[in-house]
Amino acid sequence: MHDVRSTVPKGEAFEAEAGLPRTHYLNATHGTAAWLLTKDHKRIGLLYLFAISFFFFLGGLFAMFVRLELLTPEGDLLTSEMYNTSFSMHGIIMVFFFLVPSVPAVFGNFFLPIMIGAKDVAFPKINLLSWYIAMIAGFMMLTTLLMGGVDTGWTFYPPYSTTGSSSNVVLAALSIFVMGFSSILTGLNFIVTVHTMRAPGMTWGRLPLFVWAQYATSLIMVLGTPVLAITLGLVFAERVFHFGIFDPKLGGDPILFQHLFWFYSHPAVYIMVLPGMGVISELVAAFSRKQVFGYSFVAASSLAIALVGFLVWGHHLFTSGQSAYAALVFSFLSFIVAIPSAIKVFNWTATLYRGSISLASPMLYALGFIGLFTIGGLTGLFLAALGLDLHMQDTYFVIAHFHYIMVGGTLLAYLGALHYWWPKITGRLYTEAWAKVAAITVFVGFNLTFFPQFIVGYLGMPRRYHTYVPEFQVLNVLSTAGASILAVGFILPACYLVYSLFRGGVASRNPWGAYGLEWETTSPPPTSNFLVTPIVTRPAYAYTHADVVSPYAGSTQGERDTGTEETQRV
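On a predicted model such as this, the values are computed, not experimentally measured, just so you know.

1. Observations regarding the nonpolar core
Okay, so step 1: Judged by nonpolar contacts, the single largest core of 168 residues is most densely connected at Phe107, Phe369, Tyr414 and Trp421.
Okay, so step 2: A total of 19 residues in this core trace back to one element, the largest contributor, which is helix α10 (residues 254-288).
Okay, so step 3: Among all residues touching Tyr414, those that are not within four sequence positions of it are Leu49, Ile52, Ser53, Phe98, Ser102, Val103, Val106 and Phe107.

2. Let's talk about the packing of helix α4 (residues 80-99) against helix α6 (residues 124-146)
Okay, so step 1: At a closest axis distance of 12 Å, the pairing of α4 and α6 adopts a crossing angle of 175°. Taken together, α4 and α6 sit at an angle that is classed as roughly antiparallel. For the pair α4 and α6, contact is made by Met89, Ile92, Ile93 and Phe97 and by Ala137, Gly138, Met141 and Leu145, respectively.
Okay, so step 2: Residue composition of the contact of α4 with α6, by class: seven nonpolar, one polar and no charged.

3. Examining unusual backbone geometry
Okay, so step 1: Of note, the bond from Pro158 into Pro159 is cis; its omega dihedral lies within 30 degrees of zero at 5°.
Okay, so step 2: In this fold, Pro159 is placed in the loop between α6 and α7 (160-164).
Okay, so step 3: Put simply, Ser523 and Pro524 share a cis peptide bond, and its omega is -5°.
Okay, so step 4: Within the secondary structure, Pro524 sits in the loop between β2 (506-507) and β3 (533-535).
Okay, so step 5: Although it is not a glycine, Arg464 adopts a positive phi angle of roughly 70°.
Okay, so step 6: With respect to the helices and strands, the residue Arg464 is situated in the loop between α18 (432-458) and α19 (473-503).
Okay, so step 7: Given a relative accessible area of 32%, Arg464 falls into the partly exposed group.
Okay, so step 8: Phi at Tyr541 is positive, roughly 60°, even though this residue is not glycine.
Okay, so step 9: Structurally, the position occupied by Tyr541 is in the loop between β3 and β4 (567-569).

What counts and how
- Residues numbered from 1 in each chain as written.
- Predicted model: local features only at pLDDT ≥ 70, side-chain atom pairs only at ≥ 80, totals over all residues.
- Heavy atoms only, no water.
- Core = buried A, V, L, I, M, F, W, Y, C linked by side-chain atoms within 4.5 Å.
- Buried < 20%, exposed > 50% of the residue type's maximum accessible area, 1.4 Å probe, protein only.
- Helix = DSSP H or I, 4+ residues; strand = E, 2+ residues; numbered from the N terminus.
- Contact = heavy atoms within 4.5 Å.
- Axes fitted to C-alpha atoms, helices over the stretch in contact; angles between N-to-C directions.
- Parallel < 35°, antiparallel > 145°, perpendicular 65-115°, else oblique.
- Nonpolar A, V, L, I, M, F, W, Y, C, P; charged D, E, K, R; others polar.

This is how it looks when you write it as structure tokens:
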């Protein structure tokens, strides 16, 4: 397949020729203080990018320790205590410091205001505050790590977390408690921004599906995160002050914790994957050159996922002793929540049908997302069935399922967004050939890592043990080999994206020939996002209009002077 991107030669003279702004958000001000005190949503998005990239590689380091330990049946690399700490720190860091903030904090912050035609988010100072709160929480988690980590798993189940564990439960719980405030403020900011700052003509029916996904995710953040904060606050109170809340010896109920924790943490799965679904809608439309099939249904399904996601937490408690009637209701609701997710997958597939498909690197990530998310969703139906869940609860089948959803889904969408919008963010082009190699490597490595875990989990291997019976070794060797390939797939983008900052070609305004307000502004965007106020007159993804830019648009001939009018119609 050909490279659909357009470019111009390197050099300042050619930057001017391509219509790139002499002054943009990256060079408008200089110095450390200008970045640390910025209220520009784009710079704050980049601050999040740097931070969560650090935590991603830190969490991946602990995953490496886990996979190396499971290479052999005996516990010959890590002790049981060290293994418990490794998988606990891997889960906590990846969930709360990468997966939850990844797409909303980075790409939501950067592009949501641009995609609705706004100059910034509604509350720029609160936006900066949310980043500082996240950094305080991250510092607390790093301190926890330096003090020996925590060994409770990412779920903090009592009474072990409140009385039995000798690790740093209090500081770890407080870190996540603080991180929750960052999520709440980000979600509140997005909701108010979408309601009050849309450009003229940007009606609800013209919002990009990425914005719809961010909006639905923000509702979950605002409504669900306080429940987690209260729950971890109760863990802190019981561990420090010995209140009888969850510990049976003190008159508490440990099942109460599970209800509270999963009331947030199952919707949190959609905090992770819903923004990624919004990214995939943008990629599928852009690289099939078609309007998204059933736009209204895809937008409504985001809200439906946010709503129904709050009603299915009980499927995590099928083996906890809850009544058969409650289990039956939660099983039924768990099947229901699959419907809006299936709507998205079927509509993406219908969009691809007879489209002019270009297999650029972002599209490869999008196709990988659809495949992995479908496998994760279908195996979720296995766990929603009462009889099967009794057999596979707390086995590696569960591990494989939620990694296909949360990592295979969220992470591939994150990488797809990074490659899609990298020319817009930086004004530079990366090497497309290496990007395609990385996308294929990630897809192959991921499946080799986690698909054997479905099999070994079905055969009965329990999770959270650092030893296992020898007959499971072949599948674990395959899984560890896949993890090595997956690591290469993650390192490659880090190399060629950083290289592109210094040696990459200059990106045009619209290197993909895509449709949307973010492609109407320069690359990189100016500080105020638009030189003039856009007026929206067409629906989202209007690829059927004759005057939509071609796949090679954005070159010097395709640029237009927008500075001579007070408004620009798009």
